[in-house]
Amino acid sequence: MPKTVRSPLSAVLLVLACVLVPLGVLSIWAAYEIGDRDSYVATMAPLSSDPAVRAAVADQVTGSVMKEIDVGPLQGTVESFVRDAVGSFTETKSYETAWNAANRAAHDALQSALNDDSNGEVTIDLAPITEQVKQQLVDDGVPFASKIPVKHTEITVLQSKDLGWLWKSFHALQVAGVWPAVAAAVLAAAGILLATRRRGAAIRTALGMALAAAVLALAVAIGRSLTLDDLPPDISHDAAGAVFDALTETLRVTAWVIVAVMLLAAAAVWLLPRLRRRA
């Protein structure tokens, strides 16, 4: 192939490879971290012990219980008692089990909304936790406890109609799975092989991939800030931040690992000939 064709083609392939790096990380995360129910539940499980998440759950459950209770001037005292009971329950193994069950249901709702392209809300139903708290109150001999109806108490995780094209893009990433990452590797290899100066092409490719991964890490940080800024005032920002961080931890870690590996690779390719000449 003539040099006048090889060089531009190599450049195009290498640019495409760098662009596909963040897409590859995102698609693997969407398909195997968020799309897989067991992985999703395992990611959310540690949040059952997060103080901000516990407080948010306690607020929601206490509020739902108190809507069904009217004890006149004792309302404040009873509410404090219920809140303490909910707080105590969030420290038990039963709560962890109920939390995981709620997140399995939330994951199923998320995937159903993605697959059906619906515009409904994706929520975590706290009814199983309310049921456990009710039973604890009954066991403690609270007179009104047995009369408390267990209704669906839901925390909205997201509303697909508010996400627009992002919702469809996320679904496309899940469908793509590992292939954008594979395409990035293949294009990078082809671009370097076609380059007239392969060592220079390899260095530029490594630096380009490091830059692309750094942009992804920055985008996650900006996304966190924008997400929390858009939350209604009645939703705990600390709890939402804990959930966001748990769900995106793999993205952040993977992005910075790629940055480090690509910078080391670029340095190694640049240094190796010089070390050989000195030897």
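The structure contained in this document is the topic of the report that follows. Position numbers for residues start from 1 in each chain and track the written sequence from start to end. The predicted nature of this model means local features are confined to residues of pLDDT at least 70 and side-chain atom pairs, given and counted, to a pLDDT of 80 or more, with totals for whole chains, interfaces and linings taken over all residues. Processing note: side-chain calculations cover all non-hydrogen atoms of the structure and skip hydrogens and water entirely.

This brings us to a nonpolar patch on the surface. Distance thresholds for patches are 9 Å for like charges and 5 Å for nonpolar side chains (Val, Leu, Ile, Met, Phe, Trp, Tyr), applied to residues having over 30% relative accessible area and no salt bridge. Method for areas: the Shrake-Rupley scheme with a 1.4 Å probe, in which residue coverage is limited to the protein chains shown. By definition here, a salt bridge exists when the distance from a side-chain nitrogen of Lys or Arg to a carboxyl oxygen of Asp or Glu is within 4 Å. Taken together, the side chains of Ile28, Tyr32, Val178, Trp179, Val182 and Val186 make up a nonpolar region of the molecular surface, amounting to roughly 570 Å² of accessible area. Each helix is a run of H or I in the DSSP string that is no shorter than four residues. Each strand is a run of E no shorter than two, and both are numbered from the N terminus. Residue assignment for the nonpolar patch shows that the elements contributing at least two residues are helix 1 (3–34) and helix 8 (179–194). Sorting elements by how many residues they give to the nonpolar patch places helix 8 first, with 3 residues. Relative to the elements of secondary structure, isoleucine 28 occurs in helix 1.

Here we take up the side chain of threonine 43. Inspection of the secondary structure puts threonine 43 in helix 2 (residues 37–44). Exposure remark for threonine 43: the relative accessible area of 16% places this residue in the buried category. Categorising residues by exposure relies on relative accessible area from a 1.4 Å probe, with only protein chains included: less than 20% of the type maximum marks a residue as buried, more than 50% marks it as exposed, and the intermediate range marks it as partly exposed.

Axes are the key here: two packed helices are described by the angle between their axes and the distance separating the axes. Throughout, an axis means a line fitted to C-alpha atoms (over the contacting stretch in the case of helices), and angles, computed between N-to-C directions, take values from 0 to 180 degrees. Close contact between helix 8 and helix 9 (residues 198–229) brings their axes to 8 Å; oriented N to C, the two are set at 150°. As the angle between them shows, helix 8 and helix 9 are arranged roughly antiparallel. In this structure, the crossing between helix 8 and helix 9 has a hand that is right-handed. Mapping the contact onto sequence places Ala184, Ala188, Ile192 and Leu193 in helix 8 and Arg198, Ala201, Ala202, Thr205 and Met209 in helix 9. Roughly parallel covers angles under 35 degrees, roughly antiparallel covers those over 145, roughly perpendicular covers 65 to 115, and oblique covers all other angles. Less than a right angle of anticlockwise turn of the near helix away from the far helix marks a crossing as left-handed, whereas a clockwise turn marks it as right-handed. Residue contacts are defined here by distance: any two heavy atoms, one from each residue, within 4.5 Å place the two residues in contact.

Turning next to the environment of phenylalanine 170. Mapped onto the elements of the fold, phenylalanine 170 is located in helix 7 (residues 165–176). Spatially, the C-alpha atoms of phenylalanine 170 and serine 27 are 8.1 Å apart, while their sequence positions differ by 143 residues. Beyond its immediate chain neighbours, meaning those up to four positions away, phenylalanine 170 contacts Trp29, Ala30, Ile34 and Leu114.

Put simply, the second largest pocket is a space of about 230 Å³. Listing elements by their share of the lining of the second largest pocket, those giving two or more residues are helix 1, helix 8 and helix 10 (237–278). No other element matches the 8 residues that helix 1 contributes to the lining of the second largest pocket. Of the residues in the lining of the second largest pocket, the class split is 13 nonpolar, 3 polar and 1 charged. Using a grid of 1 Å spacing that covers the protein atoms alone, one calls a set of points a cavity when a 1.4 Å probe fits there but cannot get out, and a pocket when the set is open and has protein on both sides within 12 Å along at least five of seven lines; lining residues are those with an atom within 4 Å of a point. Grid points are joined across faces, edges and corners, and a volume is the space filled by probe spheres set on the points. When residues are grouped by polarity, Ala, Val, Leu, Ile, Met, Phe, Trp, Tyr, Cys and Pro land in nonpolar, Asp, Glu, Lys and Arg in charged, and all others, Gly among them, in polar.

In this section: the environment of glycine 87. Assignment of secondary structure puts glycine 87 in helix 4 (residues 75–89). Between the C-alpha atom of glycine 87 and that of arginine 54, which follows or precedes it by 33 residues, the distance is 7.4 Å.

Turning to the pattern of salt bridges, a few remarks are in order. For the structure on display, the rule yields 5 salt bridges. We note a salt bridge from arginine 83 to aspartate 59, for which the minimum N-O separation is 2.5 Å. Linking arginine 83 in helix 4 with aspartate 59 in helix 3 (residues 51–66), this pair joins segments that are 24 residues apart in sequence. Classification of arginine 83 by relative accessible area gives partly exposed; the value is 31%. Here arginine 83 and glutamate 79 are joined by a salt bridge, their closest N and O atoms 3.5 Å apart. Here glutamate 79 and arginine 83 lie together in helix 4, a separation of 4 residues that amounts to about one turn.

Glancing now at helix 4. Two residues of an α-helix separated by three or four positions point the same way, owing to the 3.6 residues in each turn. Look at helix 4: 21 Å from first C-alpha to last across 15 residues, which is about the 21 Å you get at 1.5 Å a residue. Those residues of helix 4 lying buried are Val78, Val82, Ala85, Val86 and Phe89. Each buried residue of helix 4 sits inside an arc of 100° when the element is viewed along its axis, so together they form one side. In helix 4, those exposed residues whose orientation departs by more than 90 degrees from the buried face are Gly76, Thr77 and Asp84. Helix span is expected to be 1.5 Å times the residue number reduced by one. Directions from the helix axis toward the C-beta atoms define the arc.

A pair of Phe, Tyr and Trp rings is counted when the ring centres sit within 6.5 Å of each other, with Trp represented by its six-membered ring. The angle between the planes then sorts it: under 30 degrees is stacked, over 60 is edge-to-face, the rest tilted. All chains considered together, the criterion is met by 2 aromatic pairs. Plain terms: the ring middles of phenylalanine 89 and tyrosine 95 are 6.0 Å apart, the flat faces sit at 80° to each other, and that makes the pair edge-to-face. Like phenylalanine 89, the residue tyrosine 95 is buried in the burial classification. Between tyrosine 95 and tryptophan 99, the ring centres sit 6.4 Å apart and the planes meet at 35°, which makes this aromatic pair tilted. Remark: tryptophan 99 and tyrosine 95 occur in helix 5 (residues 93–116); sequence separation between them is 4 residues, near one turn of the helix. Neither residue differs from the other here; tyrosine 95 and tryptophan 99 are each classed as buried. In this structure an aromatic cluster arises from ring pairing among Phe89, Tyr95 and Trp99.

Everything listed here is a matter of coordinates, which is why it stays silent on function.
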